[in-house]
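Residue strings, one per chain:
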Amino acid sequence: MAPRKLRNTIGIIVNNDSTTYETLLLNSLNTRFRNAGYQVMVNCTDGNIQWEREAFQHLKGICDCILAVSSAIRYEEIEDAVPGQIPVIFLSHKPEGCPHTAIISSDYSAVYQGVISYAGRSGKKIACVCGDTSLPSTQECLRAYRDALSVSPLDYDKELIYEVPDMESFVPRELIHNIRQEDCTALFATSPALTSVLVDYLAFHNTNPMHTPIALLGYGNFDSGLTSRMHIDLIDHPVEQIVDVAFQHATYSIHHPKSQNKRVFLLKGTLHTHTLNGLRINEE
């Protein structure tokens, strides 16, 4: 069989290009590949598995490689749509059972350090709000949250973990009311999307003198967005490292189509702390 003709085009599938993290990742990938002479085709799925399946089918005929931030929890949800004739690389999240190369961020250490820091400063309860608890990334965050509290002066209470099944149903006002009822003064948000919504809400509703302001530990990118300007503590995904590894592996795989080198690259997230927390208005 003749070698597949290269099209000098990279396909990118993202879950939600409105979050700071995915926007930065998408922009960085686009810049890196375009500077190397590639065209870039982007599909946004908004977390819709059927749209993701359609994106794989659309891109497989016009691209040399596909980079995907998948919404699938299990690979079987998309398996028959993922092309086998071109390289496919999963970013940020690897669906369970996925046989392809994946480049993911491990945030256990950063979460652990962040929760320990808050536990030492506040002396009160720290709640946690998370997405789908079946996702490995969410499970890693919850494990670090539990382990950090187990060695702190504070008690671990699973009733203080609030799961948000989907962002459309998330009402931050109700969450903040509930954690205040439980005497919590800090909140850990396990994703950039949750952090963004909470920052927007707390920036305008965290000033009531009747309540102790809620401190927030969340996800974001250190050099961008309202979260950075507010000086909250942030866990920062290593976007530039992810882009570097993705570019190197993609270009190698394109030019070595017979290579069977499927790997999982694990890159560590970073905790950025501040002595001033912009959401804790009483803090000096």
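For the structure, check the block above.
Residues numbered from 1 in each chain as written. Predicted model: local features only at pLDDT ≥ 70, side-chain atom pairs only at ≥ 80, totals over all residues. Heavy atoms only, no water.

Trainee: Before we go on, may I ask you to explain the overall build of the protein chain in this structure?
Mentor: From N to C terminus, the protein chain includes eight helices and twelve strands. Within the protein chain, the proportion of its 284 residues that are buried is 49%. (Helix = DSSP H or I, 4+ residues; strand = E, 2+ residues; numbered from the N terminus. Buried < 20%, exposed > 50% of the residue type's maximum accessible area, 1.4 Å probe, protein only.)

Trainee: Sorry if this is basic, but what is going on with the nonpolar core here?
Mentor: Generally speaking, nonpolar side chains in soluble globular proteins are found buried as a group. If you look at the biggest cluster of nonpolar residues, it comprises 43 residues, and the most contacted ones within it are Ile-126, Val-129, Ile-179, Leu-187, Phe-188 and Leu-198. Residue assignment for this core shows that the elements contributing at least two residues are helix H3 (108-122), strand E6 (125-130), helix H4 (136-150), helix H5 (172-181), strand E8 (184-189), helix H6 (192-205), strand E9 (215-220) and strand E10 (233-236). Considering each element in turn, this core owes the most residues, six residues, to H4. Membership of the second largest hydrophobic core comes to 26 residues, among which are Leu-26, Tyr-38, Cys-65 and Phe-265. (Core = buried A, V, L, I, M, F, W, Y, C linked by side-chain atoms within 4.5 Å.)

Trainee: Mind showing me how you'd approach the sheet that holds strand E2 (residues 39-44) here?
Mentor: Within a sheet, neighbouring strands are paired by backbone hydrogen bonds and run either parallel or antiparallel to one another. With parallel pairing, the six strands of this open sheet are ordered in space as E2-E1-E3-E4-E5-E11. Here the strands that pair on one side only, and so sit at the sheet edges, are E2 and strand E11 (264-268). With direction set aside, neighbouring strand axes in the sheet form an average angle of 15 degrees. (Pairing = 2+ DSSP bridges. Axes fitted to C-alpha atoms, helices over the stretch in contact; angles between N-to-C directions.)

Trainee: Help me understand the packing of H5 against H6 in this model?
Mentor: At their nearest, the axes of H5 and H6 sit 10 Å apart, and the two run at 70 degrees to each other. In terms of axis orientation, H5 runs roughly perpendicular to H6. As H5 runs across H6, the sense of the crossing is right-handed. Listed contacts from H6 to Pro-172, Arg-173, Leu-175, Ile-176 and Arg-180 of H5 are Val-197, Leu-198, Tyr-201, Leu-202 and His-205. A breakdown of the residues in the contact of H5 with H6 according to their chemical character gives seven nonpolar, one polar and two charged. (Parallel < 35°, antiparallel > 145°, perpendicular 65-115°, else oblique. Left-handed = near helix turned anticlockwise from the far one by under 90°. Contact = heavy atoms within 4.5 Å. Nonpolar A, V, L, I, M, F, W, Y, C, P; charged D, E, K, R; others polar.)

Trainee: How do you make sense of the layout of surface pockets when you look at a structure like this?
Mentor: Empty space left among the atoms is revealed by rolling a probe the size of a water molecule over them. Estimated volume of the largest pocket: approximately 1200 Å³. Lining the largest pocket are 40 residues, and of these Asn-15, Glu-22, Leu-135, Ser-191 and Ala-193 sit closest to its centre. Listing elements by their share of the lining of the largest pocket, those giving two or more residues are helix H1 (20-35), H4 and H6. Looking at which element gives the most residues to the lining of the largest pocket, the answer is H6, with five residues. (1 Å grid on protein atoms, 1.4 Å probe; cavity = no way out; pocket = protein on both sides within 12 Å on 5 of 7 lines; lining within 4 Å. Points joined across faces, edges and corners; volume = space filled by probe spheres on them.)

Note that every value here comes from positions in space, so none of it alone points to a role or purpose.
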